[in-house]
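Understanding the architecture of this molecule
So you can see what is in the structure, the chains are spelled out below.
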Amino acid sequence: MVAVMLAASPGIRVSFDDQRVHEYDGDAGTISVMPANSERKVTWSSTCEKVIVTMPPQRLLELSAHEFGAGRAVLQPPPFGLIDLRALHLAEMLKAELAREVPSKIYIESLITIFGVHIVRNYSGADSLPPRRKSGGGLSNRSAERVRELLDSRFASKITVGELAAVSGLSPRLHPGIHEDLRRVSAQICSSAAPQFC
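Residues numbered from 1 in each chain as written. Predicted model: local features only at pLDDT ≥ 70, side-chain atom pairs only at ≥ 80, totals over all residues. Heavy atoms only, no water.

Examining the overall build of the chain
For the record, the criterion: The helix count covers DSSP runs of H or I at least four residues long, the strand count covers runs of E at least two residues long, and both are numbered beginning at the N terminus. Note on classification: 1.4 Å probe, protein chains only; a residue is buried when its accessible area is under 20% of the maximum for its type, exposed when over 50%, partly exposed between these limits. Contact definition: two residues touch when any of their heavy atoms are within 4.5 Å. The accessible surface values rely on the Shrake-Rupley method and a 1.4 Å probe; as for residues, cover is taken only from the protein chains in view.
Each helix and strand counted, the chain has six helices and six strands in total. Within the chain, the fraction of its 198 residues that count as buried is 35%. Sequence-distant contacts, at least 24 apart, represent 65% of the contacts inside the chain between residues at least 6 apart. Carbon and sulfur atoms provide 55% of the accessible area of the chain, an area that totals close to 11,500 Å².

Here we look at helix 3 (residues 105-123)
Stated precisely, the cut-off is as follows: One fewer than the residue count of a helix, multiplied by 1.5 Å, yields its expected span.
The end-to-end C-alpha distance of helix 3, which contains 19 residues, comes to 26 Å, matching closely the 27 Å that a straight helix rising 1.5 Å per residue would cover. Along helix 3, the positions that sit buried rather than exposed are I108, L111, F115, G116, H118, I119, V120, N122 and Y123.

Looking at the pattern of salt bridges
Close approach of charged atoms allows side chains with opposite charge to pair. The cut-off we apply is this: In the sections that follow, a salt bridge refers to a side-chain nitrogen of Lys or Arg positioned within 4 Å of a carboxyl oxygen of Asp or Glu.
All told, the structure shown has five salt bridges when counted by the stated rule. For K95, the salt bridge is made with E49, and the minimal N-O distance between the two is 2.4 Å. Here the residue K95 occupies a position in helix 2 (residues 85-99), and E49 occupies one in the loop between strand 5 (40-43) and strand 6 (50-53), the gap between them amounting to 46 residues. Linking E109 and K105 is a salt bridge whose minimum nitrogen-to-oxygen distance equals 3.9 Å. Within this pair, E109 and its partner K105 are both found in helix 3, separated by four residues, close to a single helical turn. The class for E109 is partly exposed, based on a relative accessible area of 41%. Classification of K105 as exposed rests on a relative accessible area of 62%.

Description of the sheet that holds strand 2 (residues 9-16)
So the rule is basically this: When DSSP finds two or more bridges between a pair of strands, those strands are recorded as paired. Axes here mean lines fitted to C-alpha atoms, for a helix over just the part in contact, with angles spanning 0 to 180 degrees between N-to-C directions.
Taken in spatial order, the three strands make up an open sheet running 3-2-5, and their pairing is antiparallel. Taken across any chain shown, the strands that pair with only one partner, and hence form the sheet edges, are strand 3 (21-26) and strand 5. Each strand axis lies, on average, 25° off the axis of its neighbour in the sheet, ignoring direction.

Limitation: the analysis is restricted to geometry and does not speak to function.
In structure tokens, the structure reads:
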């Protein structure tokens, strides 16, 4: 099960199988991933608007096999309060389609499949899906995708190296090769998305 918050909701309390309670404030785009056969208890201090997508484990395995050639996918919950802008965009598209007078079944199924691929790519365990570093070092494909997502969402505003480093999971005092990777990803986004802002 994956839940994406559509609006801010402060004071969320979550406890998993271990009974340890975690409290955080959820903003629009906050994502939670719950693997199959896990139990959790969630309480909110205010009204919560979100989209919840569930997929049978077999479907996630199929998506993982198509995406990575791996026959298994181990979903790992992200840190509490993590905002995933791509998941938010897909959740908003699902909500809009479901609100139509006659929703399109094929469109909804397609959005759920895209959502599933996004989840497999970004929230699968490292033990089942290697990070696929390019030879010679640099950003992993997953880190590069997160950087692209940030650049997509804020293409018309300045982004600091510190922000890029945080999204890619690197130190702000980056190795020179990583700086080049970040510049390359940024240039790709600019040339394809909105060259007038670059």
